[in-house]
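# Structure assessment
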Amino acid sequence: MRKTDTSRRKKYDFLVIGSGIAGLSFALKVAKHGKVCVITKGKIAESNTSYAQGGISAVTYLPDNFEKHIQDTLIAGAGLCNAEVVETVVNEAPAQIAQLLEWGTQFDKTEDGKFDLHREGGHSEHRILHHKDNTGFEIQRALSKATLEHPNIDVLENHFAVEIITQHHLGEMVNKWRKDIECYGAYVLNQQTNNVETILARVTMMATGGLGNVYETTTNPDIATGDGIAMVYRAKGAIENMEFIQFHPTSLYNPKERPSFLITEAMRGFGGILRRKDGKKFMHKYDERESLAPRDIVARAIDNEMKMTGDSFVYLDVTHKDAQEIKDHYPNIYQKCLSLGIDITKEMIPVVPAAHFACGGIKVDAKGRSSIARLYAAGECSSTGLHGANRLASNSLLEAVVYADAAAKDAIQHLPSYNFCDQVPEWNDEGTSQPEEMVLITQSQKELEQIMSYYVGIVRSNLRLKRAMDRLEILYHETEDLYQRSVVSKRLCELRNTIQVGYLIIKMARQRKESRGLHYTIDYPNQLKGLEVI
Ligand code: FAD
Ligand code: SIN
C-alpha cells in the first residue's frame, strides 16, 4: 500500500485550483500580495479556456451600449438572471479586457486599427472580441506565459485536488453550522509520485471549470469533470442552478471524436444558415431571430428536427459566403473540416448539439465568496447569477475575469486576518488497496454518461428524471464503496465527482416544476414555440 508523504506539506498564502482563465487571472492579481500556488490536474494549458472559439463579449463601440448588452443577457437568461450582477459584469467588461490586453492577449483588428467585433446568438450588436476562431487558445497562451514568468507563483502541473480541507478533517462537526465552515487548503494527489500531499493556504480559489464529461457528447476536454463543484458539495458548501446545462447547438458531427469539435456560433452571426438534411431551413418555425436565436432555443429546435426526421445531424451552411472571408475568419474550422474531407466553402457542415456549459455551480456572492469562509470560486464552476436559466454566448470568459478580479480584491483585503491551520492531519489511506479492475471505473463512467444523455439531456420529463435518479443511485453506492476501499486515483476521483455532479443536476431538475431556459420538460411545456410535435 502507498504511504502518505508527510514531508511534503506545503504552505501558501493563496492556493488556486485550476489553470484556466479564472484561476490564472486570479493568481496574477493576488501575486503581488503573497506567495501563490496554482495546481492543475494536467498541463497548465489543458482547460476549457483553451478551447473557446467565438470570443469574449464587451461593449466597445457605438451604436452598442451597456444597456443593450444588459438587456441581451437578461433576455437569454429567461427571467432568472440577477439584474445587479448582470449590470456589474457588463459595466466591468472594458476594464477587464484592458487587463487581458496588458497581459499580452491579442484580439483581431480591422485595417483601420479598430477591434474586429463578431456577433453571436442572442446579441443585438456586434460585440464579441476575438482572435480568429481560437480566442481561448490565445487568452490561455498569454495568461500561462505571464503566470509562468511570475516570481511569486508556483505552478504544479499533474496535481489533482481530491478534497478541500475544512474543520471536518479536524474531526469537528460542521454540518449544523454551515456559515462557519472554513477552508484551510486542499488534499492534492501528486500524479508523479502518487502521494496525496497537504497544501495549506490562507485563501483558496476554486477555479476547476466545467462538467461536460457527465454527458456522452460534449465540446469540453476531458479535464471537465465537475471536480470543484463535487468537492464543495461534499464539504457542505452551497450549490445552485445545476439543472441549467447548456447544449451548444452546433458541434461537428463526427461520432468517433471526443471532445466534439465546436463550430462557433459566430459562424451563424457571419450569415451561416441551419438546414435539414433535405436542404430546407427550419429555424423560422421556432423563433423570429432564426439561426441567431439564443442557444437553448436553437439546440431544442435542432433536437426536435432530428427526432422528427430521424436524421443524426442537421447542416450549417456557409457556402453562400465569400470563400476567402471564410478562410480568413475561421481558419481552424476550415482546416479541421478539410481534414475530414469537407470543404466548407463548397459543402455544408454536419452539426449536432453537444453538452457545452454549466450555468450553475458553487454559489458565490458579488465578491466571489462561496458559502465556505476563505474559499472563493470563479469561472465555470461558480454560479454568480449572471447566466440565469441560459447563458448568453461569450459571456463566460467575461464572467470569469470579472469575478476573479472581484475575488482577488476581497481576498487581498482579508488576507491579514487569516492564519494557517497547522492542526490539519495528513491524508489517511490506511486499509485501502489498488482497485481490482480498471473496467469497474471505465464502465461506470460510460453508464453515467448514457443515463445523463438519454434522460437528462435537452428534453426532459418527470419520468425520465426519476429513471435517471434510480439508475444513478446504484452507480453512486457502487462507486462510494470502491472509493472507500481503494487508494486514491485521478480516474476514480473523477468518476466519483461526475456521479455527484450528475446527482445534483437531476435533483435540481426535479425540483424545477416548469420549463425555463435550458431546462425543458415535456411535463411543463409552457411558453415554447414550435415544439408541440415532440
Ligand atoms: P477552465 O478553463 O476549464 O479551467 C479549469 C482548470 O481547472 C483546468 O486547468 C483544469 O485542469 C483544472 N482542474 C479541474 N479539476 C481539477 C482538480 N480536481 N484538480 C486540479 N485542477 C483541476 N466561453 C466564452 O465566453 N466564449 C467562447 O467563445 C467560448 N467558447 C467555448 C468553446 C468550447 C469548445 C468550450 C468547451 C467552451 C467555450 N466557452 C466559451 C466556455 C468557456 O471557455 C469556459 O466557460 C471558460 O473557459 C471556463 O474557464 P475556467 O477558468 O472557469 O475553467
Ligand atoms: C462559440 O464560439 O460558439 C462558443 C461561444 C460560447 O460558448 O460562449
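Higher on the page you've got the structure.
Scoring rules and cut-offs
Residues numbered from 1 in each chain as written. Chains lettered and ligands numbered in written order. Predicted model: local features only at pLDDT ≥ 70, side-chain atom pairs only at ≥ 80, totals over all residues. Heavy atoms only, no water. Axes fitted to C-alpha atoms, helices over the stretch in contact; angles between N-to-C directions. Helix = DSSP H or I, 4+ residues; strand = E, 2+ residues; numbered from the N terminus. Parallel < 35°, antiparallel > 145°, perpendicular 65-115°, else oblique. Left-handed = near helix turned anticlockwise from the far one by under 90°. Contact = heavy atoms within 4.5 Å. Nonpolar A, V, L, I, M, F, W, Y, C, P; charged D, E, K, R; others polar. Pairing = 2+ DSSP bridges. Near = heavy atom within 4 Å. Polar contact = N/O pair within 3.5 Å; in protein donor to acceptor, adjacent residues only side chain to side chain. Areas by Shrake-Rupley, 256 points an atom, 1.4 Å probe, with all protein chains shown as cover. Phe/Tyr/Trp six-rings, centres within 6.5 Å; stacked < 30°, edge-to-face > 60°. Buried < 20%, exposed > 50% of the residue type's maximum accessible area, 1.4 Å probe, protein only. Lys NZ or Arg CZ within 6 Å of the ring centre and 35° of its normal. Salt bridge = Lys/Arg side-chain N within 4 Å of Asp/Glu carboxyl O. Disulfide = S-S within 2.5 Å.

What follows covers the packing of helix 13 (residues 462-485) against helix 14 (residues 490-511). Two elements in contact, helix 13 and helix 14, have axes whose closest approach is 10 Å; the angle formed by their N-to-C orientations is 150°. Taken together, the axes of helix 13 and helix 14 lie roughly antiparallel to each other. Once helix 13 is placed against helix 14, the crossing between them reads as left-handed. Mapping the contact onto sequence places L465, K466, A468, M469, L472, L475, Y476, T479, E480, L482 and Y483 in helix 13 and L492, C493, L495, R496, I499, Q500, G502, Y503, I506, K507, A509 and R510 in helix 14. Class assignment of the residues belonging to the contact of helix 13 with helix 14 gives a composition of 15 nonpolar, 3 polar and 5 charged.

Time to look at the sheet that holds strand 14 (residues 361-363). Strand order in this open sheet of 3 strands is 9-14-16, and the pairing throughout is mixed. The open sheet has two edge strands, strand 9 (239-240) and strand 16 (382-383), and neither has a second partner. Sheet topology note: the strand 9/strand 14 ladder contains 2 bridges and is antiparallel. Across the sheet, the residue bridging to I239 is I362, located in strand 14. Taken strand by strand, helix 6 (residues 227-234) contacts strand 9 and strand 14, and its axis lies near 50° from that of strand 14.

The full set close to ligand 1 counts 39 residues, and T49, G55, D227, E380 and S396 are the nearest of them. Within the contact set of ligand 1, an oxygen atom lies 2.9 Å away from a backbone nitrogen or oxygen of G54. Here a nitrogen atom of ligand 1 sits 2.9 Å away from a polar atom, N or O, in the main chain of A161. Isolated, ligand 1 exposes 1,000 Å² of accessible area, and the fraction of that covered by the protein chains is 98%. Listed by contribution, the elements that provide at least two residues to the shell around ligand 1 are helix 1 (21-30), helix 2 (48-51), strand 6 (159-165), helix 6, strand 13 (349-358) and helix 11 (396-414). Looking at the shell around ligand 1, its residues break down into 14 nonpolar, 20 polar and 5 charged.

Before going further, it helps to examine the packing of aromatic side chains. Per the stated rule, a full pass over the model turns up 9 aromatic pairs. For the pair Y253 and F313, a centre-to-centre distance of 4.8 Å together with 35° between the ring planes defines the contact as tilted. Of the two residues, Y253 is situated in the loop between strand 10 (245-252) and helix 7 (266-269) and F313 in the loop between helix 8 (295-309) and strand 12 (314-317); the sequence distance between them amounts to 60 residues. You can call Y253 partly exposed: its relative accessible area is 29%. Given the relative accessible area of 12%, F313 is considered buried. Ring geometry for F313 versus Y315: centroids 5.4 Å apart, planes at 70°, classification edge-to-face. Against the face of Y61 rests K114, its NZ or CZ located 4.7 Å from the ring centre. One cation-aromatic arrangement involves R391 over F357; the distance from NZ or CZ to the ring centre is 4.0 Å.

Under the criterion given, the structure shown has 39 salt bridges. The salt bridge involving R202 is made with D13; its shortest N-O contact spans 2.8 Å. Residue R202 is found in strand 8 (residues 195-206), and its partner D13 is found in strand 1 (residues 10-17); the two are separated by 189 residues along the sequence. The pair R202 / D13 is uniform in exposure class, with both members buried. Where D278 meets R276, a salt bridge forms, and the shortest distance between an N and an O atom there is 3.1 Å. Among the ionic contacts, a cluster of salt bridges with common partners joins K41, D227, K490 and E494.

Structurally, D405 is set in helix 11. Side chain to side chain, D405 and Q96 meet in a polar contact 3.3 Å long.

Okay, the environment of A83 next. For A83, the position within the fold is in helix 4 (residues 83-102). Taking relative accessible area as the criterion, A83 reaches 45% and is therefore assigned partly exposed. The spacing of A83 and I70 is 13 residues in sequence and 8.2 Å in space, taken between C-alpha atoms.

A word on the state of the cysteines. In the structure shown here, the tally under the stated rule is 0 disulfides. Of all cysteine sulfurs in the structure, the one in C359 sits closest to C81, which takes part in no disulfide; the separation is 9.0 Å. On the accessibility criterion, C81 (14% relative accessible area) is buried.

This part covers the site of ligand 2. In the vicinity of ligand 2, the contacting residues are Q53, G54, E120, H248, L262, T264, E265, R295, H356, R391, A393 and S394. At 2.6 Å, a side-chain N or O of T264 approaches an oxygen atom of ligand 2. Within the backbone of E265, an N or O atom sits 2.7 Å from an oxygen atom of ligand 2. Protein chains bury 93% of the 260 Å² of accessible surface belonging to ligand 2 in isolation.

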